[in-house]
Amino acid sequence: IYVDGDYAGGNSDGSHEKPYTTIQEAMSVADFGNKIHVDYLDSGSGIYDTTGLMLKSGVQLLGDNWNGCDQDKPKISATASGRVLFGQDVSDTLIESFEIIVPAGPPYPDLTSNPTLSAINLKDSNAGGGGGSTNDNTIRRCVFTGEVNVSAGYKGVYLEGAVGTTIELCEF
């Protein structure tokens, strides 16, 4: 499944020739085992808005600039919440090679009073109760920018009951 926010051809179907223009569109049709390839966004703010995006089990979200762009990593952020990516009861997901911009300040929620509103939030609905289902997720080669300030409560990644999560080769 392909995403290129600069595609203007219409009739997007997620193919290489007619990519979706938002990550939400791609995620809505993705099934376990699918890969979502995201190209760098050249137009507008240059940032994909991922407000309300829910990760799905077994889906790989890859910032691989598949359309031949030689820019940096695709940028993602959330304009209406502090969470850029959220996954509850997800397993075997991969988030790789994005610049994740941690939003802060109005109109975003106060992250100091609610730490679950970090840039990436992986949560198990059974946290503390055992028998969880948020397992074996990976965050790799991502760069967290913006309001990454742990002492002020702005965090890059928040895990609750997430077993076997791997965070590797990331910059905060």
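One can find the structure itself at the top, above this paragraph.
No experiment lies behind these values; they were computed from the predicted model shown. (Residues numbered from 1 in each chain as written. Predicted model: local features only at pLDDT ≥ 70, side-chain atom pairs only at ≥ 80, totals over all residues. Heavy atoms only, no water.)

Enquirer: It is not clear to me how the overall build of the chain should be interpreted in this structure. Could you clarify?
Expert: A count of helical and extended segments in the chain gives one helix and 13 strands. If you list the helices and strands of the chain from N to C, you get β-α-β-β-β-β-β-β-β-β-β-β-β-β. The proportion of buried residues among the 172 residues of the chain is 42%. A fraction of 78% describes how many contacts in the chain between residues 6 or more apart in sequence connect residues 24 or more apart. (Helix = DSSP H or I, 4+ residues; strand = E, 2+ residues; numbered from the N terminus. Buried < 20%, exposed > 50% of the residue type's maximum accessible area, 1.4 Å probe, protein only. Contact = heavy atoms within 4.5 Å.)

Enquirer: Which parts of the structure should I look at to understand the sheet that holds strand β3 (residues 47-49)?
Expert: Think of a sheet as strands paired side by side through backbone hydrogen bonds, with each pair either parallel or antiparallel. Reading across from one edge, β3-β5-β8-β11 is the order of the four strands in this open sheet, with parallel pairing throughout. On the outer flanks of this sheet lie β3 and β11 (143-146), each paired with one strand and no other. Between one strand axis and the next, the sheet turns through 30° on average, direction left out of account. Sheet topology note: the β3/strand β5 (residues 75-77) ladder contains three bridges and is parallel. Bridge assignment links aspartate 49 to a residue of β5, and that residue is serine 77. (Pairing = 2+ DSSP bridges. Axes fitted to C-alpha atoms, helices over the stretch in contact; angles between N-to-C directions.)

Enquirer: Any chance you could explain the sheet that holds strand β13 (residues 166-168) here in plain terms?
Expert: Spatially, β1-β2-β4-β7-β10-β13 is the arrangement adopted by the six strands of the open sheet, whose pairing is parallel. The sheet is open, and its two edges are formed by β1 (2-3) and β13, each paired on a single side. Direction of pairing for strand β10 (residues 138-140) relative to β13: parallel, over a ladder of three bridges. By the bridge assignment, isoleucine 139 is partnered in β13 with isoleucine 167.

Enquirer: Explanation requested: the pattern of salt bridges in the structure shown.
Expert: Pairs may arise between side chains of opposite charge once their charged atoms sit close together. Per the counting criterion, the structure on display carries three salt bridges. Residues arginine 140 and glutamate 96 are paired through a salt bridge, measuring 3.4 Å at the closest nitrogen-oxygen approach. Of this pair, arginine 140 sits in strand β10 while glutamate 96 sits in strand β7 (residues 94-96), and the two are 44 residues apart along the sequence. Judged by its relative accessible area of 13%, glutamate 96 falls in the buried class. Among the ionic pairs, arginine 140 bridges to glutamate 168, the shortest N-O distance being 2.6 Å. (Salt bridge = Lys/Arg side-chain N within 4 Å of Asp/Glu carboxyl O.)

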